[in-house]
Amino acid sequence: MMVYSPGEVKFPTKKLFEKTTHLMHDGLNARAFGEFPKPEALGDARWTDDLILATWFMAETGEVPENFNYMTGKSGGGFDRLRFKFLAEEQWLEHGEHLDTRLDLNRRDDGRQQLTPDLPIYGGGMSYGSVSLNVMLSRARNSVKWNTYMSTGEGGYPEELYQYKENIITQVATGYFGVEERSIKASPIIEFKYAQGAKPGLGGHLLAAKSGGDVAKLRGSVPFVSLFSPFPFHSTYSVEDHMKHIDWVQTINPEALIAVKVSTPKDVDMVAVGSYYAGAHIIHLDGSYGGTGAAPEIAKKNIAMPIELAVPKVHKFLIKEGVRENVTLIASGGVRTADDVAKAIALGADGVVFGTSDLVAMGCTRCANCEGGPSGRGCPWGLTTTDVELQEWVQPDWAEKRLDNYYIAVQWRLRDIMRKLGLSHISELRGRTDLLRYVNGGEQ
Amino acid sequence: MVLSAELEHGSFAPESVASEVWGLTRGEARQRADTYQRYHIEALPTEEKWKIPRRFNVKVGKFGLAKMIFKEFFQYFGHWETVFSRPCTYGVFSGPIGGFSPRPDLCVGCLRCEVQHPDFVTVTPNGELRALGDKYLTYQHIYTIDQEAMRGTVPVRGQGYRGRFGGPGFDGMFTDMSEIVRPSRDGIHGRELIGTSVDIGAKPMHLEFDTEGNITNPPTTFTIQLPFIFDAPPTTLESDAVARIYVEAAEQVDTLAILPAKSIERLGLAGPNVVPIVTCSGCSVGPGTRMVELATWNHETYAHFAAQGYAVGVRLEMTGEWLSTLLEMQSAGVTIFHLLSDHHGRSGDGRFLIETLKEAHMALVEKGVRDEVTLLGSGGIAGADNLPKGIISGLDAVGLDHVLLIAMQARLSGDMQSRDTVTVQLPKKLDEAWAVQRLVNLSCSWRDQMLEILGAMGVREVRRLRGEFGRSMMCSELEAEAFGEIEGFPGGGR
């Protein structure tokens, strides 16, 4: 095993940068256009080789591919077994901008600002440290372009992000890493992260190798020490305590919308209603098949439930409690494609959060070495790393363009689904399980 | 009480408590306090003796590579660092002649090389690795167990789950977690406070006293520190070394090694952590033994060993009328039941452990005796997540079998489902100390993973997890609830 020693690696020379990025960009392009056979080692049941290559194609072109399945994976359940009951072709609506994909985030009628992203999608929290600053900047710029938002994750609010502050969500998580009055004041949305779908109930963990100088400084720590976020908030024992949390943030920023990110335990419906009554504008459910920069393998599939099973449960309970129209329900944790977005909405969500999809659009192969891998340096593609050399492979200009293209393709496919269902606004799809059908093994 | 009186009057002084309450000097009290030890498993890195096949094969076209070097030599002339840079941070191309002789053992499958150089680099999954195991104990399980036994740590990786949605067997069960309101403040900083010890044996539900005030029915339980035990290796494997390894490892981590009585006697392995499987009253049991297991139910043999004061368990294959037999045995006084499924976790009628264990647990609950007895179960344990799921299903402690051999880098082949038909090939020149450490490491890793699950739930001790179906969710039931109204869903739909 190679042993990584901080300081061995240096900033790449101009020539090395040119060579590497040129080869990387050309390679991603060639793979996206199917110029070579699909890599045999690429993909898994959830993110198949086709889904990854299709995402790369969309990131290159802004269009959906003809040669790759860009809609479903092969996990044998959940989104992968759901299909839409499209109308007969003669009943389809015209494809175009009149098909409204915007999402209202404030439904409380409380006099605060209304935030309406152009897509029913915003960017999930990936902290500085778990990803590079370049990745954060790329996502932030894309969020500006799409009038949507991106969460900081729990790692602080890097100075460079303030120029995009209208589109940045400040996350307050259990370790309070990097939480400052300034960043809370700057944000249109404050997100309380109670738990993460990939490791529910376990808190957070940034491995020492990824907690370098700037990362540690922003988190108020010393470099190269493993940083744990506890679970849960040690000041929160009840929904009433949760309410005090929200009051505290609202005192600092009375205009901000409040998002509460929770995972999907058995009583997720009760948690959602409790969060609503505590003052949340957005209930964000993070399912157990979601992404992570580092999590115990045992947690990923075994604790809590997949998002497809949690959304209908919460949606129905919010209706039963008579508060469904007053809160925005967001789904994440295994939402991979535009089809997944539409299915999540049909199951009862208002919108979704993208995380892994953004990374795949920027070149991720899901090799699962984000936590550092055997090299200790993190992602070899320069995404989930703060290694001084590797992070340079992802430059904001290039990555922002890929994300923009990807979102163009996602919006196109969302509109494609809407028109084939005869819907002119994405909100009309919410909770419409009658527009879905379940396919059994082998059926398409 | 002196202590409460002193506390009440604010004159509490530790030394006076030590001397007046317990009759100890201050030094003696300190000495006694210093004997307290927190339970800890000493995991140490162990090297591989029989290297598990690598995950990927890497093939580099020599001509393509030479062409690239030639081109870059001129393109980046003078910038030698650039010329010799390679798209691998793991050292696959770091050998003396670089990519001309790649080192696929170091490959993690990031595919940067294959994407950047699609014309002459290919990375493929290694078929040799994928051929290990069977459809239940898969190559992924084997690879993970190998890593756990090598390091003794909790496997931590980036990215999300990669497998199928739910799935058969234990994959169809999710464990619960507590979001905000939770019974404890455990989690990542409180794991050391979670108990994993379990009691084995007969537990009286109330104490009885004689006229002198002495307890007449003292508990006969004993405690082990882990909710899993080492079950006997298959009969197809006759290895004295394996028996010695199991016993030594069981002693180190304070669990039980269950082995045939003949092996124990012949090798002189008897002790408190060793459980001989006896077949008749004539079997001898060595000194220090706390518990014996009957190979099959026999009232006379049971009575023979029970009369000698041993905790007596009975091995019971879940075939035929096994549940009736279990209840009959309970009526006859048996308090430790060791339920055996096949190695895919199936009982004789094909049902999976979750269902059959729940049936056994609930039958004992309905009879009002569940807390008086101990349920052990073996067969079908393939990964660390199976432990909490087995306990939720009703077990007090889970038996490990094939996974112990995998941890020692044994290769299993043949019919791996049936009991005692598997072919086991041990590493050549098995180093017993090395193998013991591998089992200790596996125990450490699995215990720590158990703590992750318990911590997420806010459960302070594993004993409270037994039969807690309410802290689990079955994928099939959640699917019926979520998708029941959707057209085409089996059993539902519009």
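Residues numbered from 1 in each chain as written. Chains lettered and ligands numbered in written order. Predicted model: local features only at pLDDT ≥ 70, side-chain atom pairs only at ≥ 80, totals over all residues. Heavy atoms only, no water.

Turning our eyes to something else, we now look at the overall build of chain A. When helices and strands are counted, chain A shows twelve helices and 13 strands. For a compact globule of 444 residues, the expected C-alpha radius of gyration is about 22 Å, and chain A comes in at 21 Å, within 12% of that figure. Projected onto the principal axes, the alpha-carbon positions of chain A cover approximately 60 × 55 × 40 Å. Across the 444 residues in chain A, those meeting the buried criterion constitute 68%. Counted over contacts in chain A with a minimum sequence separation of 6, partners at least 24 positions apart contribute 68%. (Helix = DSSP H or I, 4+ residues; strand = E, 2+ residues; numbered from the N terminus. Rg over C-alpha atoms; globule rule 2.2 N^0.38 Å. Buried < 20%, exposed > 50% of the residue type's maximum accessible area, 1.4 Å probe, protein only. Contact = heavy atoms within 4.5 Å.)

With that settled, consider helix 2 (residues 49-61) of chain A. With 13 residues, helix 2 of chain A should reach 18 Å at 1.5 Å per residue; the first-to-last C-alpha distance of 18 Å fits that figure. Most of helix 2 of chain A sits inside the fold, with ten of its 13 residues counted as buried. The inward-facing, buried residues of helix 2 of chain A contact helix 1 (14-32), helix 11 (356-361) and helix 12 (396-421) of chain A together with helix 6 (112-116) of chain B. Positive phi appears at Gly62 of chain A, one or two residues downstream of helix 2 of chain A, with a value of about 80°. (Expected span 1.5 Å × (residues − 1).)

Let's shift gears to the interface of chain B and chain A. Interface size is commonly expressed as the accessible area that is lost once the parts come together. Contact residues are listed per partner, giving 83 residues for chain B and 99 residues for chain A. For the chain B and chain A pair, buried surface summed over both sides reaches about 8,000 Å², with 61% attributable to carbon and sulfur atoms. Inspection of the chain B/chain A interface yields six salt bridges. Run the count over chain B and chain A and you get 35 residue pairs in polar contact (both at pLDDT 80 or more). Where the side of chain B that touches chain A is concerned, the elements lending two or more residues are helix 5 (80-83), helix 6, strand 2 (121-125), strand 3 (156-157), strand 4 (173-175), helix 16 (432-457), strand 17 (472-474) and helix 17 (475-483) of chain B. By residue number, the principal contributor to the side of chain B that touches chain A is helix 17 of chain B, which donates six residues. Of the residues belonging to the side of chain B that touches chain A, the class tally is 34 nonpolar, 23 polar and 26 charged. Note that strand 10 (residues 295-296) of chain A and strand 3 of chain B share two bridges and pair antiparallel. Counterpart to Pro296 of chain A in the pairing with strand 3 of chain B is Val156 of chain B. (Buried area = accessible area lost by both parts, 1.4 Å probe. Salt bridge = Lys/Arg side-chain N within 4 Å of Asp/Glu carboxyl O. Polar contact = N/O pair within 3.5 Å; in protein donor to acceptor, adjacent residues only side chain to side chain. Nonpolar A, V, L, I, M, F, W, Y, C, P; charged D, E, K, R; others polar. Pairing = 2+ DSSP bridges.)

Residue and element names in this part refer to chain B. Inspection of every chain in the model, using the stated rule, returns 56 salt bridges over all chains. With a shortest N-O distance of 3.9 Å, Asp431 and Lys49 are connected by a salt bridge. Of this pair, Asp431 sits in the loop between strand 16 (423-425) and helix 16 while Lys49 sits in the loop between helix 3 (26-34) and strand 1 (56-60), and the two are 382 residues apart along the sequence. What makes Asp431 partly exposed here is its relative accessible area of 32%.

Note on terminology: a disulfide is the covalent bond linking the sulfur atoms of two cysteines. Under the definition given, this model contains zero disulfides over all chains. A disulfide-free cysteine, Cys88 of chain B has its sulfur positioned 6.0 Å from the sulfur of Cys110 of chain B, the nearest such atom. (Disulfide = S-S within 2.5 Å.)

On to the packing of aromatic side chains. Residues and elements named next belong to chain B. Enumeration according to the criterion identifies 27 aromatic pairs over all chains in this entry. Between the aromatic rings of Phe305 and Tyr310, the centroid separation amounts to 6.3 Å while the plane-to-plane angle is 55°, which identifies the pairing as tilted. Looking at Phe305, the relative accessible area reads 1%, which means it is buried. Take Tyr310: its relative accessible area is 18%, and that puts it in the buried class. (Phe/Tyr/Trp six-rings, centres within 6.5 Å; stacked < 30°, edge-to-face > 60°.)

Before going further, it helps to spend a moment on the side chain of Ser288 of chain A. All names here are of chain A. Within the secondary structure, Ser288 sits in the loop between strand 9 (282-286) and strand 10. Assessed through its relative accessible area of 0%, Ser288 is described here as buried. When residues no more than four places from it in sequence are discounted, the contact partners of Ser288 are Gly197, Ala198, Thr264, Lys300, Ile303, Ala304, Met305, Pro306 and Ile307.

Below, the discussion takes up the packing of helix 12 (residues 322-331) of chain B against helix 13 (residues 353-366) of chain B. Residue and element names in this part refer to chain B. At a closest axis distance of 11 Å, the pairing of helix 12 and helix 13 adopts a crossing angle of 35°. Helix 13 is crossed by helix 12, and the crossing has right-handed handedness. Within the contact between the two elements, helix 12 uses Trp322, Leu323, Leu326, Leu327 and Gln330 and helix 13 uses Thr356, Glu359, Ala360, Ala363 and Leu364. Taken together, the residues of the contact of helix 12 with helix 13 sort by class into seven nonpolar, two polar and one charged. (Axes fitted to C-alpha atoms, helices over the stretch in contact; angles between N-to-C directions. Left-handed = near helix turned anticlockwise from the far one by under 90°.)

Residue and element names in this part refer to chain B. Examined against the element boundaries, Thr255 turns out to sit in the loop between helix 9 (240-253) and strand 8 (257-260). Separated by 2.5 Å, the side chain of Thr255 and the backbone oxygen of Phe228 make a polar contact. Ignoring anything within four residues of it in the chain, the contact list for Thr255 reads Ile224, Leu226, Phe228, Ile229, Phe230, Ala250 and Asn273.

Another point: empty space enclosed by the protein. All names here are of chain A. All told, the structure shown has eight cavities of 30 Å³ or more when counted by the stated rule. Counted as a void, the largest cavity has a volume near 720 Å³. For the largest cavity, the lining is made up of 50 residues, of which Gly125, Gln196, Gly291, Thr292 and Gly293 are closest to its centre. Those elements that place two or more of their residues in the lining of the largest cavity are strand 6 (204-206), strand 7 (227-229), strand 9, strand 12 (351-354) and helix 11. (1 Å grid on protein atoms, 1.4 Å probe; cavity = no way out; pocket = protein on both sides within 12 Å on 5 of 7 lines; lining within 4 Å. Points joined across faces, edges and corners; volume = space filled by probe spheres on them.)

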